[in-house]
Amino acid sequence: MIDQIIMSMVATIAFAILFNAPKKEYVFCALNGCIGWVSYQLFLSYGASVVMASLWATLILTLVARILSAIRRSPVTIFLVTGIFTLVPGAGIYYTSYYLIMNDLAQFTAKGIETFKIAGVMVLGIVFGLALPQSWFNQLRKITHKNR
C-alpha cells in the first residue's frame, strides 16, 4: 500500500506540472491526490463496489480540495483537477476501446457500462462536494489564519 500512496502522489505532482499549477501548491495537490486514492482503496477493502468506492473517494477528494482552497487561498480547480487524476478510469476507457477493436462486443459492453458508471458517479461526487456552502469553508480560512 505504501508504494501505491507514493505513486499516487508522484502521479498527481506530474499532472500538476502538466496542468501548470503553481509550484507552491504541488505538495498540497499531491496530498489531495493521495487522500483520494487512499480513500478509494479503503472503500474497496471494506467491500464497496468499484462504482461506490469511486463516488465516495471523489466526494472526499472534492471536500479536501475545497478545504485546501479556502486555507491556501487558491482556486479549488487547482486541487480538484490535479487530485482527481488518480481516480479517472483510464484503464476502463482503454479496455472498452480495446474490446471494441477486437470485436468482443460482450466485454466491450460490460467494460463500457462500468466505465460510464464510474465517470457518472465521479461527476456526482464533485457536484455533491461543490453543493456545500462556501461560507463553511471560509470559516476554516478564518480559523487557520487566526492561529498564525
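Because the structure is a prediction, the values reported are computed rather than measured.

Conventions adopted
- Every chain's residues receive numbers from 1 upward, in the order its sequence appears when written.
- For a predicted model such as this one, the threshold for reporting local features is a pLDDT of at least 70, and the threshold for listing and counting side-chain atom pairs is 80 or more; totals across whole chains, interfaces and linings nevertheless cover every residue.
- Derived side-chain values reflect all non-hydrogen atoms in the structure, with water molecules and hydrogen atoms excluded from consideration.
- The criterion for an aromatic pair is that two Phe, Tyr or Trp rings (for Trp, the six-membered ring) have centres within 6.5 Å, with stacked assigned to planes under 30 degrees apart, edge-to-face to planes over 60 apart and tilted to the rest.
- Where helices and strands are cited, they refer to DSSP runs of H or I of at least four residues and of E of at least two residues respectively, numbered from the N terminus.
- When a residue's accessible area, from a 1.4 Å probe over protein chains only, is under 20% of the maximum for its type it is buried; when over 50% it is exposed; and in between it is partly exposed.
- Here a salt bridge means any side-chain nitrogen of Lys or Arg lying within 4 Å of a carboxyl oxygen belonging to Asp or Glu.
- Whether two residues are in contact is decided by their heavy atoms: any pair within 4.5 Å suffices.

1. Focus: the packing of aromatic side chains
Consideration 1: One pass over the full model with this rule turns up 8 aromatic pairs.
Consideration 2: Consider the rings of Trp37 and Tyr40, whose centres lie 5.3 Å apart with planes at 35°: the pair is tilted. Placement of both Trp37 and Tyr40 in helix H2 (residues 26-45) is noted, with a separation of 3 residues, approximately one turn of the helix. Exposure class is identical for Trp37 and Tyr40. Each is buried.

2. Remarks on the pattern of salt bridges
Consideration 1: Applying the stated criterion to the full structure yields 2 salt bridges.
Consideration 2: A salt bridge links Lys111 to Glu114; the shortest N-O distance between them is 3.3 Å. Of the two residues, Lys111 and Glu114 both sit in helix H6 (residues 105-130), 3 residues apart, roughly one turn of that helix.

3. Some points on the environment of Tyr40
Consideration 1: Note on Tyr40: relative accessible area 13%, which makes it buried.
Consideration 2: It is 5.0 Å that separates the C-alpha atoms of Tyr40 and Ala57, two residues lying 17 residues apart in sequence.
Consideration 3: If sequence neighbours within four positions are ignored, Tyr40 has contacts with Val50, Ala53, Ser54, Ala57 and Leu87.

4. What about the environment of Leu87?
Consideration 1: Residue placement: Leu87 occurs in the loop between helix H4 (76-83) and helix H5 (90-101).
Consideration 2: On the basis of relative accessible area, Leu87 is assigned to the buried category, the value being 8%.
Consideration 3: Leu87 sits 72 residues away from Phe15 along the chain, and the two C-alpha atoms are 13 Å apart.
Consideration 4: Ignoring anything within four residues of it in the chain, the contact list for Leu87 reads Gly36, Trp37, Tyr40, Ala57, Thr58, Leu61 and Met122.

5. Side note on unusual backbone geometry
Glycine aside, residues mostly have negative phi, and peptide bonds are mostly found in the trans state.
Consideration 1: With a phi angle near 65°, Asn20 is a residue other than glycine that sits in the positive phi range.
Consideration 2: Along the polypeptide, Asn20 turns up in the loop between helix H1 (2-18) and H2.
Consideration 3: The exposure class assigned to Asn20 is exposed, which follows from its relative accessible area of 67%.

6. What to know about the side chain of Ser69
Consideration 1: Within the secondary structure, Ser69 sits in helix H3 (residues 50-72).
Consideration 2: Using a relative accessible area of 11% as the deciding quantity, one classes Ser69 as buried.
Consideration 3: For Ser69, the contacting residues outside a window of four places in its chain are Ser74, Pro75, Val76 and Phe79.

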